[in-house]
Amino acid sequence: MRTSFKRAAIALMMAPMALGAFPAMAEETATAKSSEDVYEQLDLLMRVFQRVRSEYVDEVDDKEVIEAAIQGMLRSLDPHSTYLNPEVFQQVRVQTEGEYGGLGLEVQMDNGLVKVVSPIDDTPAQKAGIKGGDYITHIDGTSVIGKTLTESVKEMRGPIGSMIKITVVREGEEGSHDYEIMRDKILVRSVRHRVEDETIGYLRITTFNMQTGDGVENSIKELKAQLGDKMDGLIIDLRNNPGGLLNEAIRVSDDFLDRGEIVSTRGRRRQNNNRWYATAGDMLDGMPIVVLVNAYSASASEIVAGALQDHRRAVLVGDQTFGKGTVQSEIRLGRNGDQALRLTTARYYTPSGRSIQERGIEPDLYVFNDGHRPNLRREGDLNNSIHNEQSTVDRAGEEEEEDPKLNPIAATEPAEGDAAEGEAATPPVDRQLKYAIKLLKDMSALPTPQVADAGPHDEQG
């Protein structure tokens, strides 16, 4: 009797333990099943590869087939994850340092075609008339469809002085355009400056490479030395700037901020969660700034625009930016580290916590050079673009209307120099730049405490 009672007590004590173990056992079983499925898929991939090697109508290059499989896997994730083989990796390194040979185009893959993000200033492509938003369909008569972006970029680069023909399709125009361009040594001068209307400093940043920070700081010093006390403000032109190095974008933002967060990144792994802050010192000591942006301002340029806007340090003028708000980590591969995987590992966030991805940065004042808002493709229109979970929330935390409210004066005011019917056409007027100059002139006349409250999105609290 005692033995039976003892056995029953032990069974009752063990029951909760067994029940508690079921979820853990179930989780382990699910994990094992998932791993088993992965191995089955890898086995399937190898069997397909072997079939291609042995039975395809023509002999294939094993290396090319495997590389294509890798690129296909990464392309299925998002538009910006990619594999850099040794040759392309070396080209990317040269470009990042600010010097390479080719046409001078910033491009990305879109719907199987090579899309021009923007031509770099003073390069063969820009001089030939290639525009941001153009689609390259053929290179030297061969279609780009079916090729990777890295393959197309490789074909566009070549010996200095050699000719290349690219075929371009432009939105809103019928047919295609052929451009014969001579390759040249591309020295990426990422920063230019000049004086506008006698008292306004103008700073053009075309890309963020290893020379950008020094270029910006030297340009500011030269503008201040040239204008002295007459300087009424600064225009930072980020239009058609496709981005570049994160640390250079942080450095440029820090040049005009005295304190506060510049940008943060958030990803799945803790090592990808970071925040960067401004250090003391503003090169312009609070002088008014206007930042020009458009639909082809992307990535690093959006970080700078978002940081200056959130801190009320600058007024943004132009159009909504591209919306490329993801971080690509470069993971070295190979025994010699001469190849790499560019993998999307995090999202960018502005100081107020706004995600840049897919949505971009909205300007404070919408101004369009043609008098109306162009219908342009952005990050959200690309295949497999990563969704922005904040896409329906504006900067104030309120629900956003479907269409942003545009500034009616800025969007429709006539531009000086527009030709009347029957008159000879004159060079197009940069309305956005003219509006920025006028805005800075007006801001410089305000009492100092009011200058910081120039943006239309200011809130009372």
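Conventions and cut-offs
- Residues numbered from 1 in each chain as written.
- Predicted model: local features only at pLDDT ≥ 70, side-chain atom pairs only at ≥ 80, totals over all residues.
- Heavy atoms only, no water.
- Helix = DSSP H or I, 4+ residues; strand = E, 2+ residues; numbered from the N terminus.
- Expected span 1.5 Å × (residues − 1).
- Contact = heavy atoms within 4.5 Å.
- Polar contact = N/O pair within 3.5 Å; in protein donor to acceptor, adjacent residues only side chain to side chain.
- Pairing = 2+ DSSP bridges.
- Patch = residues over 30% accessible without salt bridge, like charges linked within 9 Å, V, L, I, M, F, W, Y side chains within 5 Å.
- Areas by Shrake-Rupley, 256 points an atom, 1.4 Å probe, with all protein chains shown as cover.
- Salt bridge = Lys/Arg side-chain N within 4 Å of Asp/Glu carboxyl O.
- Lys, Arg positive; Asp, Glu negative; His and termini not counted.
- Charge placed at Lys NZ, Arg CZ, Asp CG, Glu CD.
- Buried < 20%, exposed > 50% of the residue type's maximum accessible area, 1.4 Å probe, protein only.
- Phe/Tyr/Trp six-rings, centres within 6.5 Å; stacked < 30°, edge-to-face > 60°.
- Lys NZ or Arg CZ within 6 Å of the ring centre and 35° of its normal.
- Core = buried A, V, L, I, M, F, W, Y, C linked by side-chain atoms within 4.5 Å.

> Explanation requested: helix α2 (residues 62-75) in the structure shown.
Residues three or four positions apart in an α-helix share a direction because the helix packs 3.6 residues into each turn. With 14 residues, α2 should reach 20 Å at 1.5 Å per residue; the first-to-last C-alpha distance of 20 Å fits that figure. Considering only its buried residues, α2 is in contact with β1 (82-84), α5 (149-156) and β18 (339-349). Taking the backbone nitrogen of Lys 63 as reference, a side-chain oxygen 2.9 Å away marks Asp 61 as the first, capping residue of α2.

> It is not clear to me how the environment of Tyr 366 should be interpreted in this structure. Could you clarify?
Assignment of secondary structure puts Tyr 366 in strand β19 (residues 365-366). Between the C-alpha atoms of Tyr 366 and Gly 318, which are 48 residues apart in sequence, the distance is 5.0 Å.

> Honestly, the sheet that holds β19 in this entry has me stumped. Any pointers?
The strands making up a sheet associate through backbone hydrogen bonding, with each pair oriented either parallel or antiparallel. Strands sit in the order β10-β11-β12-β15-β16-β19 across an open sheet of 6 strands; the sheet is mixed. Taken across any chain shown, the strands that pair with only one partner, and hence form the sheet edges, are β10 (191-196) and β19. Bridge analysis of strand β16 (residues 315-318) against β19 gives 2 bridges, and the strand direction is parallel. Bridge pairing links Gly 318 to Tyr 366 in β19.

> I keep staring at a negative patch on the surface and nothing clicks. Help me out?
Together, Glu 59, Asp 61, Glu 64 and Glu 151 make up a negatively charged patch on the protein surface. With respect to the helices and strands, the residue Glu 59 is situated in the loop between α1 (2-55) and α2. Judged by relative accessible area, which is 79%, Glu 59 ranks as exposed.

> Please explain the packing of aromatic side chains as it appears in this structure.
Applying the stated criterion across every chain yields a total of 1 aromatic pair. Over the ring of Tyr 202 we find Arg 194; its NZ or CZ atom is 3.9 Å from the centre of that ring. The aromatic ring of Tyr 349 is capped on one face by Arg 266, whose charged end is 3.8 Å from the ring centroid.

> It is not clear to me how the side chain of Glu 302 should be interpreted in this structure. Could you clarify?
Looking at the element boundaries, Glu 302 is found in helix α8 (residues 300-310). One buried charge, Glu 302, has no salt-bridge partner; the nearest side chain with opposite charge is Arg 378, at 7.6 Å. Of note is the side chain of Glu 302, whose polar atom sits 2.7 Å from the backbone nitrogen of Ser 299. Setting aside anything within four residues of it in sequence, one finds Glu 302 in contact with Ser 297, Thr 321, Phe 322, Gly 323, Lys 324, Ile 356, Gly 360 and Ile 361.

> What should I look at first to understand helix α7 (residues 246-256) in this one?
With 8 of 11 residues buried, α7 is to be regarded as a mostly interior element. Along α7, the residues classified as buried are Glu 248, Ala 249, Ile 250, Val 252, Ser 253, Asp 254, Asp 255 and Phe 256.

> Would you mind showing me how to read a nonpolar patch on the surface here?
A surface patch of nonpolar side chains, about 420 Å² in accessible area, is lined by Val 38, Tyr 39, Leu 42 and Leu 45. For Leu 45, the position within the fold is in helix α1.

> Sorry, what's going on with unusual backbone geometry here?
Most of the time, phi is negative for any residue but glycine, and the peptide bond is trans. Backbone geometry places Asp 122, a non-glycine residue, at a positive phi of 60°. If you trace the backbone, Asp 122 turns up in the loop between β4 (113-119) and α4 (124-128). At Glu 198, a residue that is not glycine, the phi angle is positive and equals roughly 70°.

> Explanation requested: the pattern of salt bridges in the structure shown.
For side chains of opposite charge, pairing can occur when their charged atoms come near one another. Overall, the coordinates contain 26 salt bridges when judged by the stated rule. In this structure, Asp 122 and Arg 192 form a salt bridge, with 3.3 Å as the shortest nitrogen-oxygen distance. Residue Asp 122 is found in the loop between β4 and α4, and its partner Arg 192 is found in strand β10; the two are separated by 70 residues along the sequence. A residue is classified by how much of its surface remains accessible, and Asp 122, at 51% relative accessible area, is exposed. Residue Arg 204 is joined to Asp 237 by a salt bridge in which the shortest nitrogen-to-oxygen separation is 3.9 Å.

> I keep staring at the nonpolar core and nothing clicks. Help me out?
As a rule of thumb, soluble globular proteins bury nonpolar side chains together. Counting 39 residues, the largest nonpolar core has Leu 234, Ile 236, Leu 238, Phe 256 and Val 291 as the members making the most contacts within it. Elements with a minimum of two residues in this core: β11 (200-205), α6 (212-227), β12 (233-237), α7, β13 (261-267), β15 (289-293), α8 and β18. The leading source of residues in this core is α8, at 6 residues. Setting aside chain neighbours within four positions, we find Val 291 in contact with Ile 236, Leu 238, Leu 308, Ala 314, Val 315, Leu 316 and Val 317.

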